[in-house]
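The chain contents come next:
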Amino acid sequence: MKCVLVATEGAEVLFYWTDEEFEESLRLKFRSEDEGEELPALEDQLSTLLAPVIISSMTMLEKLSDTYTCFSTENGNYLYVLHLFGECLFIAINGDHTEGEGDLRQKLRVLKFLFEVHFGLVTVDGQLIRKELRPPDLEQRVRVWEHFQGLLWTYSRLREQEQCFAVEAVERLIHPQLCELCIEALERHVIQTVNSSPARAGEEVLHAFLLVHSKLLAFYSSHSASSLRPADLLALILLVQDLYPSESTAEDDDDAQPSPRRLRGSQSIALQQNWSTRSSGPTRSSARTDTDSFSLPEEYFTPAPSPGEQSSGSGSTVWLDGETLPSDTSLIQIGEDTLQMLIPDSPAPSCPRRIFLDASVKESYCPMVPHTMYCLPLWPGINMVLLTKTPSATLALVLYQLLDGFSLLEKKLKEGQEARSSLRSHPLIGDLRQRMDKFVKNRGGQEIQGTWQEFKTKAFSRSEPGSSRELLQLCRKVKRQLCALYRLSFLSLAPGLGGPQLPQHLQDQVQMLMQEKLMDWKDFLLVKSRRNVTMVSYLEDFPGLVHFIYVDRTTGQMVAPSLSSSEGTSSELGKGPLAAFIRTKVWALIWLARRYLQKGYTTLLFHEGDFYCSYFLWFQNEMGYKLQITEVPVLSDDSAPVGMLGGDYYRKLLRYYSKDHPAEAVRCQELLTLHLSVIPTDVLVQQAGELARRLWEASRVPLL
């Protein structure tokens, strides 16, 4: 019973997302006594239902300069959370008591972040973002809404199933040797291949990385690239999972599909070892020369030869579950054809997508710089992602600096701090005037030239002075026209709409090169992603430890033993009620730790049933020495939740703490543990410290 709505002040729906239960409740409310009468469209039902809430909230804001942000209905059946971002009101509703106020607030913040990733600085202007979220063309509107509805579904699923999305950190696939070899392949066979090609149409690959399901295998950045924020990387993993969801593991697929060992009753199927892969991928034999030098030493299991005669066909044959060869050769052919259909092909590549990420342009920080994302699937569950820089990225920096300057000026005009007579002497307006004059001269159109000239006349002319209200209106008008130019340059000319993009043959080339390099490793990687870290290796040194999650908040990466995410997969705890019970405990500990951290607590230890649950947050320098803890800020209930996707809390916390340590680099670490309650608390704390040291030393190995 869930719903998310984005609306204007007049209750016009800009976006909605509902589950089936909420839609059914709407149908019951709007069902007419005349069964032949059609129900209103779902967005009209939502607009009618929530119009009183929207109007009352906006009226209170207008009359009192304050409004409510959360309320529950009578008997607590429904919980509502509201947040106004710019001119758009975001509303989240829960009616099945599975989400609290913090969960709903986080969902709204994540949705806003996804809007920024897709639309960039266009989100600054209320009118332009309305055009993007609610296009006049109905088919285009449906496509936009379905895209973000899918992203919210994917985010909700990953947050419930994957530890990395529960704590909002990137999980690495732990295999240093393979990771190093993949980084080398990304550098030599992907980035250098693309960036040295004359057919790249001005695109330059900045980052390339490999994902196995939701885990990061390898990441490489070109020398000219700025660092990628952990929050942006986690958002990219979310986008990839939405394009190619990892809904089941290999074990689930075996359960869902007919087993090739039992296709024709008890008949056996011959598995040819010289199968060819799909037409666009390399064959095993063609990849052998390249991969032999690339692959690590491997151990092979050679089954005992089957009884009976050797196959007369080409290639070696292994007979499964059979004592003798089938006498009917037609059955062999039918079985082989059927088995070939069961071999999963690589998913079709997606269209390039324009996204906006924080970066440095000409050594200046710039949020929401336009990039192009190419997601190239290698096999089901294994994807390669390329991020390219557009040739016009410098324009994004210029527009951001101008918008930032006009936003500061607008804030001062609202507060009444700047009278018209003092604008000429203010250093902000002087620098802004020079930048804007240069921009209008080189790039501006007639409309923005006229508006800027009018602003200068009102602000600086002695003969035609303008009031603060007039200046405020002109300031907003200039901002809107700058955003419109940003939209025209980066959204209207996005890949697929006439904008530059890598040619398809170049994408296919690097995709096939990486498939060749990983051909011998794909099955291992898919299994490794489900059994990344095991508790067995820690039990001897840490008796009583049931589970842990270690997060380096400076790099935004985490390490944790695997927990099963579906009935078809099992961790060391198995598939029964014990595994589900431990999983529920871990997720509850994550939520509680966030709640206490929001209130200023950095250490948490409590006893619950047969377990001790603990949480630690601390700061240390580059050498691993723990720094003295200071009080962390206490946040209000309606502030941005703790996490990366909804406001990058830890980035701000590091900046806050580093003010007292300007001479050294400060790192922030987190550790959540679950122990058996028979372990004394002093031993538990001692184990937590030793475990943190071991995991930190392992994390110092440079793999990125």
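Scroll up for the structure.
Nothing here was measured: the structure is a model prediction, and the numbers come from that model. (Residues numbered from 1 in each chain as written. Predicted model: local features only at pLDDT ≥ 70, side-chain atom pairs only at ≥ 80, totals over all residues. Heavy atoms only, no water.)

1. Section: the layout of surface pockets
Over the atoms rolls a probe the size of a water molecule, and in doing so it shows where empty space is left. Filter applied, for reference: Space inside and on the surface of the protein is sampled on a 1 Å grid over the protein atoms alone, with a cavity defined as a set of points where a 1.4 Å probe fits but cannot get out and a pocket as an open set with protein on both sides within 12 Å along at least 5 of 7 lines; lining residues have an atom within 4 Å of a point. Grid points are joined across faces, edges and corners, and a volume is the space filled by probe spheres set on the points. Here a helix means four or more residues in a row that DSSP labels H or I, a strand means two or more in a row labelled E, and each is numbered from the N terminus. When residues are sorted by character, Ala, Val, Leu, Ile, Met, Phe, Trp, Tyr, Cys and Pro go into the nonpolar class, Asp, Glu, Lys and Arg into the charged class, and all the rest, Gly among them, into the polar class.
The volume enclosed by the second largest pocket comes to roughly 1200 Å³. Along the wall of the second largest pocket there are 32 residues; nearest its centre are Gly 86, Glu 87, Val 124, Asp 125 and Lys 479. A total of seven residues in the lining of the second largest pocket trace back to one element, the largest contributor, which is helix H12 (residues 393-415). The class makeup of the residues in the lining of the second largest pocket is 13 nonpolar, five polar and 14 charged.

2. Remarks on the packing of aromatic side chains
Cut-off, in case you're wondering: Pairing of aromatic side chains requires ring centres within 6.5 Å, counting the rings of Phe and Tyr and the six-membered ring of Trp. Pairs whose planes differ by under 30 degrees are stacked, by over 60 edge-to-face, and all others tilted. Partly exposed residues are those whose accessible area sits between 20% and 50% of the maximum for their type, while under 20% is buried and over 50% is exposed, using a 1.4 Å probe and protein chains only. Here, a charge over a ring is recorded when the distance from Lys NZ or Arg CZ to the ring centre is within 6 Å and its angle to the ring normal is within 35 degrees.
Across all of its chains, the model carries 23 aromatic pairs by this definition. Considering the side-chain rings of Trp 17 and Trp 153, the 5.1 Å spacing of their centres and the 70° angle between planes classify their relative orientation as edge-to-face. Taken together, the positions of Trp 17 in strand S2 (residues 13-18) and Trp 153 in helix H5 (residues 138-161) put the pair 136 residues apart, joining distant regions of the chain. On the accessibility criterion, Trp 17 (2% relative accessible area) is buried. Geometrically, the ring pair formed by Trp 452 and Phe 455 is stacked, given 5.6 Å between the ring centres and 15° between the ring planes. Taken together, the residues span about one helical turn, with Trp 452 and Phe 455 both in helix H15 (residues 446-460) at a distance of three residues. We note that Trp 452, like Phe 455, is buried. Within the aromatic cluster, the residues linked to one another by ring pairs are Phe 15, Phe 85, Phe 90, Phe 115, Phe 119 and Phe 148. Just above the ring of Tyr 78 sits the side chain of Lys 29; from NZ or CZ to the centre is 5.5 Å.

3. Quick word on helix H8 (residues 230-243)
Where we set the bar: By this rule the span expected of a helix is its residue count minus one, scaled by 1.5 Å.
Taking 1.5 Å as the rise per residue, H8 with 14 residues should run 20 Å; its terminal C-alpha atoms sit 20 Å apart, in good agreement. The buried fraction of H8 amounts to eleven of the 14 residues, a majority that puts the element mostly inside the structure. Here H8 has its buried residues at Ala 231, Asp 232, Leu 233, Leu 234, Ala 235, Leu 236, Ile 237, Leu 238, Leu 239, Val 240 and Gln 241.

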